[in-house]
Amino acid sequence: MSTQSYYVPHQSRWPILASLSLFLMAIGAGGYINSLGKEEVSGFSGFSLLIGALFLAAILVGWFRNVIKESMAGMYSDQMDKSFRWGMSWFIFSEVMFFAAFFGALFYVRNLAVPWLGGEGEKGISNMLWQGFEAQWPLMSTPDMETFPGPKEIIDPWHIPLLNTVLLLSSSVTVTLAHHALRKNKRDAIVIWLAATILLGAVFVYFQAEEYVVAYEELGLTLHAGIYGATFFILTGFHGLHVTLGTFMLLVIWVRVMRGHFNPDHHFGFEAVSWYWHFVDVVWVGLFLFVYIL
Amino acid sequence: MTLIGRGLALLGLILSPSAYAEWQVNLMPGVTEISRAVYDLHMTIFWICVAIGVVVFGIMLYSIINHRKSRGAKAHNFHENTLVEIIWTIVPFFILIGMAVPATATLIKMYDKGEAELDIQVTGFQWKWRYHYLGEDIDFFSSLSTPREQIANESEKGEHYLLEVDNPLVIPVGKKVRLLLTSNDVIHSWWVPGLAVKKDAIPGFINEAWTVVTEPGIYRGQCAELCGKDHGFMPIVVDVRSEEDYKLWLAEMKQAKAQASDAATQDWTLADLMEKGEEVYNRTCAACHQVTGEGIPGAFPALKNNPIMVAEPSAHIDVVLNGKAGTAMQAFRDQLDAVELAAVITYERNAWGNNSGDLVTPAQISKLKQ
Amino acid sequence: MGTLEQTVETEEHHGPARGITRWLYTTNHKDIGTMYLWFSLIMFLLGGCMALSIRAELFQPGLQLMAPNFFNQMTTMHGLIMVFGAVMPAFVGLANWMVPLMIGAPDMALPRMNNWSFWILPFAFSMMVSTLFMEGGAPNFGWTFYAPLSTTYAPPSVTFFIFAVHMMGISSIMGAINIIATILNLRAPGMTMMKLPLFVWTWLITAFLLIAVMPVLAGVVTMMLMDIHFGTSFFNAAGGGDPVLFQHVFWFFGHPEVYIMILPAFGIVSQIIPTFARKKLFGYASMVYATASIAFLSFIVWAHHMFTVGMPLAGELFFMFSTMLIAVPTGVKVFNWVATMFRGSMTFETPMLFALAFVVLFTIGGFSGLMLAIAPADFQYHDTYFVVAHFHYVLVPGAVFSIMAGVYYWLPKWTGNMYHEGMGKLHFWLSFIGVNITFFPMHFVGLAGMPRRIPDYALQFADFNAVASVGAFIFGLSQLLLVYNVIQCIRVKRHTTAQVWEGAEGLEWTVPSPAPYHTFAQPPLVK
Ligand code: HEA
Ligand code: HEA
Ligand code: CUA
Ligand SMILES: [Cu+2]
């Protein structure tokens, strides 16, 4: 271990303000969601959610600005850099486990619950309760079609999803190219490759949104469409959110590149975002395989 | 018993082994082959654990007594020994294998389903059980019969306090009975310790369990999965009868059913319906909507002053017969007969100041029920 | 940008800031540790009062004090508050205080995030406790919140409960990341991994467990939220889902969670026993491997909580065997502790008393755990008070006693003053007696057939329930002594030395008592 002295920041207002805004958001979101479907949607809650979110955004900007300033002022040693690296890696690991929960749910219903309901396997006797129901995947007709009308049709993996796969995979390439350019200190190339990455991400999100519109309006593939719709939307939805967030982070990095914040040896901010981007990419490959194709 | 009384009783327990009879501190061996196997298994692991405990705690106590500084003990300087580490990894491992073998054997026996002589579908409801004898035309609900006053400490508690029901599950002795467990709402768990059967009743799925009881008698159990407010008040009583008695009971049940349908065709006055309705309401509905009809805000709606009660009755009848999907309000169509339904609806429409004056007749309901 | 290569001397030997902002804005690991510990104490008292209300209702058969629905709310909130509000934050607080001191680090790796991890908690718990006052009442579906009782049939406050769980998850994950980064990156020169004190090792592994399973908990509550409000059918067979899916995902989190509550306890006890036996810990390396094995096994045993849900036979056997295996590494730990005491030179100050009680009573809890692991027998035990007895033995005289042992052990280091030994011992003996009177009879009523989570029970369970209730009040009231002892130790100046305990070894005992606000600005050299 190095013997450099480690930078311990002094007091900071950001954490407690960030906690407060999370609290406002949670209270607001809870009240708002609870009032959905009632005669009067809770205005106070909506307000609290909004304020909390804006507040949090502002705080994150302020907090990161602080960190960037400190970094620019050279206050961060190599050892500090390592802390950030460990921090980011373990954060990504936690995200992996978050998705693992939903993938686990998908595998469970596909391989156990739905077959049981359809009369196969050890608990196949359950089919007594759902006479006429047959196990299949994708699950086009649910055990109780009145409550959960199954989808009429599902999304063809070889159109938009394939395109999206290509988009995301190439964005992983472009972000790597940007990284190489950064190592060689070619500012123009970095800017261009990053811009390409951002664009690819944005187009991905656009297509994903379009896919959702089609799913809802034409295919009858909705959150209510039984377990197929539920797993489909929770997996693609959280992935989409992560792409959106990642694109936003890339945008910030892009601006920082243009401002000359990074140099060939010190650019952890850049790397962190690119790790995140690769992670989002890998999740997509899993989705493409298990949600769309198989 | 007073506190002091209890303290004395505890002392008595410790001093005299004969007192154990009254104080059940262990599993019951039960009345099936499986339950006795489980009991033996339980005792085996228990004694193994006791033995390990005696050794480990013994050595520890020995050190505490002998290797204390106040006795002038000097600390020795060993802190590593691969051999003992290996020994105390391997020995417990083998002990575990010793436990796993009988456990696996018992488990395999339990899972050996095979053909049964009687199939009963058991459905959990918030807070009662429904027993449907497949193949026989018998289907009834079984709910707690302990009077409210006993629970509220207003009267002396009976011998089987909280472990008694209106209609027990009746099964023949010595026959393999298969239970198909499911639920209408949340997860319940059907448990009778004497039979060593505990299996969850899961909405939308069926779990199988079976039992062969070797001795006639009455065996009591309880719901063993938190299922809401009255989870503590949904006991199970199994009445195991000899083959002849069981046949007799079957016949009685069928006869009672025929009589009930006769009653539906009679004429009922408002007063009669109100009287019957109050009884049905307090038995069936008050758990949620409360005796006062005021419900529990946020959980169960009030029926008192509820607009449904004075509006045209069809909406009211509909919700009672068919329930509301996805809420605790269950369908009572099959739970109650036509007379009871008519009575309870009439009662609700006229009790607690809901003076609609409406009379809903059993005949009306019978028609809807078909 | 050559400036980046320079390291700036940011080192300033200043003390804490004045006023409330010291606590609100702090980045100091000791301040944050202190706040965690106070928070945890408050939660312990709150959760304990709920436990006492449960015990009061169960003192006699019949309904006396509360309606069944409120009783369920008490059970649920008691479980949640004790697990997430009392035990976990206490361990994080101890880690915050001690890990940097033990490895010779100037602070935690990410100090601002450290503050954030803490401050989320009071907000999350105020929200959760506030559900008690909402229409329909607080969550009433048990701390395991099985669907569909917690989805379709839940009170409206469940939405707030879900968001509170999200917040606690964020807090725990960030806290764990911080601890891992600190241990991996800020060790003093010469402090190799196999020289780490065991408390640090156990926390490293615990932090890994936390990062692996808290997101899964977040995932499962998110699915609940979707089922309740957005029409999905994860836990509803009508749409092709399965209520049991909930249990699988929950326990994939839940089982490692119980080890999250015991591994740091193992660490604390492994620090204390050698100190008071004046003898090095026996089998250091095997302790590390045992901890790692327990952590690994904890990921593949989850369905032992679900033996009665009707799993296929193969599943039942797999989870039975893997669960039983955990007894092996845990046994290694117990044997090592006993071997450490053997031929030592023991004294019995309060921390040691708690540690010894831990070893015995935790092992008893472990034995009942092993009995529960035997699937066919668990059909009889499951969801009875036998389970309640099991987990209180591992949690109260297990986790909680270890925390108290740690508090008495390190309190002189924190405050610079010695606590009152006589009062400490009194606290120990009352707690020890109380805890056994409370929880031992639960084995009996459980075996005799009393289900858990019921507000009223059949007459044959009456006597032991009364005994347990009396014990609970003895145990609960004795905790007032803990509060008294801590406050007294802070206020009464009974100065102590840097080493505090005769047999104590490790970096934390080389800094003065009380530990200065900033320690190890220059890393010490470890031989
Ligand atoms: C700190 C928390 C903690 C710890 C450490 C443990 C430890 C263990 N637990 Fe426990 N458990 C809980 C907390 C904990 N548990 C909780 C909270 C619940 C209930 C959740 C709920 O439903 O609300 C629960 C429930 C629970 C169940 C489900 C019961 C049911 O609902 O039906 C089971 C079943 O297998 C189980 C098993 C075990 C086992 C095998 C261990 C093992 O790790 C124990 C190992 C230790 C020993 C065995 C003793 C020492 C060893 C030796 C001296 C070696 C030699 C011994 C032998 C060879 C026997 N536990
Ligand atoms: C670490 C966790 C932890 C801890 C420390 C405890 C501590 C205690 N628990 Fe715990 N308990 C759980 C975790 C824990 N519990 C869990 C997870 C459940 C399952 C929940 C569920 O089913 O969903 C449970 C369930 C549970 C039940 C079963 C409820 C039921 O099934 O319906 C009972 C019943 O006796 C009980 C009792 C107690 C008691 C008496 C204590 C005592 O040790 C508490 C002692 C502490 C105090 C009393 C507070 C401090 C003292 C004061 C503030 C003094 C002042 C007090 C007065 C003046 C009154 N608990
Ligand atoms: Cu039904 Cu508990
Ligand atoms: Cu477990």
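Given the structure is predicted, the values throughout are model-derived calculations rather than measurements.

A.B. asks: Mind showing me how you'd approach the site of ligand 2 here?
C.D. replies: Residue and element names in this part refer to chain C. By nearness alone, 33 residues border ligand 2, and Arg55, His78, Trp143, His392 and Arg453 come closest of all. Measuring from a nitrogen atom of ligand 2, one finds a side-chain N or O atom of histidine 392 at 2.8 Å. Contact between ligand 2 and arginine 453: an oxygen atom at 2.6 Å from a main-chain N or O atom of the residue. Those elements that place two or more of their residues in the shell around ligand 2 are helix H2 (29-57), helix H3 (68-103), helix H14 (385-415), helix H15 (421-448) and helix H16 (462-491). In terms of residue class, the shell around ligand 2 is made up of 22 nonpolar, eight polar and three charged.

A.B. asks: It is not clear to me how the interface of chain B and chain C should be interpreted in this structure. Could you clarify?
C.D. replies: Taken together, the contact pairs 93 residues of chain B with 103 residues of chain C. Carbon and sulfur atoms supply 71% of the area that chain B and chain C bury against each other, a total of about 8,400 Å² over both sides. The interface formed by chain B and chain C holds one salt bridge in total. Between Glu502(C) and Lys69(B) there is a salt bridge, with the nearest N and O atoms lying 3.0 Å from each other. Linking chain B with chain C are 24 residue pairs in polar contact (both at pLDDT 80 or more). Secondary structure elements with two or more residues in the side of chain B that touches chain C: helix H1 (3-15), helix H2 (33-66), helix H3 (82-111), strand S7 (197-201) and strand S9 (217-223) of chain B. If you tally residues by element for the side of chain B that touches chain C, the top one is H3(B), at 16 residues. Residues that form the side of chain B that touches chain C fall into these classes: 53 nonpolar, 26 polar and 14 charged.

A.B. asks: Explain unusual backbone geometry to me, please; I cannot follow it from the model alone.
C.D. replies: Excluding glycine, a negative phi dihedral is what most residues carry, and trans is how most peptide bonds are arranged. Of the consecutive residues Trp137(A) and Pro138(A), the connecting peptide bond is found in the cis state with omega at 0 degrees. Looking at the element boundaries, Pro138(A) is found in the loop between helix H3 (78-117) and helix H4 (160-183). Of the consecutive residues Ser513(C) and Pro514(C), the connecting peptide bond is found in the cis state with omega at -5 degrees. Within the secondary structure, Pro514(C) is located in the segment after H16. One non-glycine residue with positive phi stands out, namely Asp383(C), at about 60 degrees. Note that Asp383(C) resides in the loop between helix H13 (375-381) and H14. For Asp383(C), a relative accessible area of 3% gives the class buried.

A.B. asks: Looking at this structure, I do not really get the sheet that holds strand S6 (residues 188-192) of chain B. What am I missing?
C.D. replies: Residues and elements named next belong to chain B. Read across the open sheet, the five strands follow the order S4-S10-S9-S6-S7; overall the sheet is mixed. Single-partner strands in this sheet number two, and they are strand S4 (169-172) and S7. When the angles between neighbouring strand axes are averaged without regard to direction, this sheet yields 25 degrees. Where S4 meets strand S10 (residues 235-241), four bridges bridge the pair, whose relative direction is parallel. Bridge assignment links isoleucine 171 to a residue of S10, and that residue is valine 240. Taken strand by strand, helix H5 (residues 243-265) contacts S4 and S10, and its axis lies near 135 degrees from that of S4.

A.B. asks: Would you mind going over the site of ligand 1 with me for this structure?
C.D. replies: Around ligand 1, the structure places 32 residues, and the nearest of them are Trp143(C), Tyr259(C), Asp378(C), His382(C) and His390(C). Residues near ligand 1 are shared among chains B and C, making this a multi-chain site. One of the side-chain N or O atoms of Trp143(C) is found 2.8 Å from an oxygen atom in ligand 1. One of the side-chain nitrogen or oxygen atoms of His382(C) is found 2.7 Å away from an oxygen atom of ligand 1. Breaking the shell around ligand 1 down by element, the ones donating at least two residues are helix H7 (243-260), helix H11 (327-341), helix H12 (350-373) and H14 of chain C. Ranked by the residues each element gives to the shell around ligand 1, the list is headed by H12(C), at seven residues.

A.B. asks: Looking at this structure, I do not really get the coordination of the iron atom of ligand 1. What am I missing?
C.D. replies: Ideal geometry at a metal centre: 109.5 degrees between donors when four sit tetrahedrally, and 90 or 180 degrees when six sit octahedrally. Exactly one donor from the protein chain reaches the iron atom of ligand 1: His390(C) (NE2), at 2.2 Å. Between the iron atom of ligand 1 and the copper ion (ligand 4) the interatomic distance amounts to 4.6 Å.

A.B. asks: Help me understand the pattern of salt bridges in this model?
C.D. replies: Pairs can form between side chains of opposite charge whenever their charged atoms are close. All names here are of chain B. Enumeration over the complete set of coordinates arrives at 21 salt bridges over all chains. Glutamate 33 serves as the salt-bridge partner of lysine 109, at 4.0 Å between the closest nitrogen and oxygen. You can see lysine 109 sitting in helix H3 and its partner glutamate 33 sitting in helix H2, a full 76 residues away along the chain. Between glutamate 136 and lysine 254 there is a salt bridge; the shortest N-O distance is 2.9 Å. Of this pair, glutamate 136 sits in the loop between strand S2 (128-133) and strand S3 (138-142) while lysine 254 is found in helix H5, placing the two residues 118 residues apart along the sequence.

Here is what the cut-offs are and how they apply
- Residues numbered from 1 in each chain as written.
- Chains lettered and ligands numbered in written order.
- Predicted model: local features only at pLDDT ≥ 70, side-chain atom pairs only at ≥ 80, totals over all residues.
- Heavy atoms only, no water.
- Near = heavy atom within 4 Å.
- Polar contact = N/O pair within 3.5 Å; in protein donor to acceptor, adjacent residues only side chain to side chain.
- Helix = DSSP H or I, 4+ residues; strand = E, 2+ residues; numbered from the N terminus.
- Nonpolar A, V, L, I, M, F, W, Y, C, P; charged D, E, K, R; others polar.
- Contact = heavy atoms within 4.5 Å.
- Buried area = accessible area lost by both parts, 1.4 Å probe.
- Salt bridge = Lys/Arg side-chain N within 4 Å of Asp/Glu carboxyl O.
- Buried < 20%, exposed > 50% of the residue type's maximum accessible area, 1.4 Å probe, protein only.
- Pairing = 2+ DSSP bridges.
- Axes fitted to C-alpha atoms, helices over the stretch in contact; angles between N-to-C directions.
- Donors = N, O, S within 2.8 Å, 3.2 Å for Na, K, Ca; no water.

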